[in-house]
Amino acid sequence: NEHWALDEVTLLARLNMTPLNEGNKNLRLDETITRAEVAQLMNYFLLRAPADTTSKTRSGFSDVNKNHKLFADIIEATRDEHVYYITSDTKELVD
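About the criteria used
Residues numbered from 1 in each chain as written. Predicted model: local features only at pLDDT ≥ 70, side-chain atom pairs only at ≥ 80, totals over all residues. Heavy atoms only, no water. Helix = DSSP H or I, 4+ residues; strand = E, 2+ residues; numbered from the N terminus. Buried < 20%, exposed > 50% of the residue type's maximum accessible area, 1.4 Å probe, protein only. Contact = heavy atoms within 4.5 Å. Areas by Shrake-Rupley, 256 points an atom, 1.4 Å probe, with all protein chains shown as cover. Lys, Arg positive; Asp, Glu negative; His and termini not counted. Charge placed at Lys NZ, Arg CZ, Asp CG, Glu CD. Core = buried A, V, L, I, M, F, W, Y, C linked by side-chain atoms within 4.5 Å. Phe/Tyr/Trp six-rings, centres within 6.5 Å; stacked < 30°, edge-to-face > 60°. Lys NZ or Arg CZ within 6 Å of the ring centre and 35° of its normal.

A. Molecular detail of the overall build of the chain. The helix and strand tally for the chain stands at three helices and two strands. Listing the helices and strands of the chain from first to last along the sequence gives α-α-α-β-β. Here the chain, with 95 residues, has 22% of them falling under the buried criterion. Of all intrachain contacts in the chain linking residues separated by at least 6 positions in sequence, the fraction that spans at least 24 positions is 44%. Here the chain has roughly 7700 Å² of accessible surface; of this, 52% comes from carbon and sulfur atoms. Counting 11 positive and 16 negative side-chain charges, the chain places the centres of these two groups 8 Å from one another.

Next comes the structure, spelled out in structure tokens:
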């Protein structure tokens, strides 16, 4: 209750802008954030869904393969610009 970012995190949570879900109910406020987690957060804030990937999809990073748990988020956050639309039920549709 005395964390330096408590007010900001509380505001983000009230605005439903934290990536919490049933499998991840904790924010690790004092731990280092990973590049993959930043990619996931950027997608979340931009309302971008994880990319559709295939067995041929490559990340472009030597330390990220298709078995990485956030692989689709990394691909989405780092791929070339694309046009997309958000439906009324907050789904991303790629043009």
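From this point, the narrative continues.
B. How the structure looks around the nonpolar core. Within the largest apolar cluster, eight residues are counted, these being A36, A39, A51, V64, L70, F71, I74 and I75. Among the secondary structure elements, those contributing two or more residues to this core are α2 (35-45) and α3 (71-78). Looking at this core element by element, the count peaks at three residues for α3. Ignoring anything within four residues of it in the chain, the contact list for A51 reads A72, I75, E76 and R79.

C. Spotlight on the packing of aromatic side chains. Under the criterion given, the structure shown has one aromatic pair. Taken together, a centroid distance of 5.8 Å and an interplanar angle of 75° make the contact between Y44 and F45 edge-to-face. Of the residues examined, Y44 reaches a relative accessible area of 30% and is grouped as partly exposed. Above the plane of the ring of F61 lies R35, whose end atom (NZ or CZ) is 4.4 Å from the centre.

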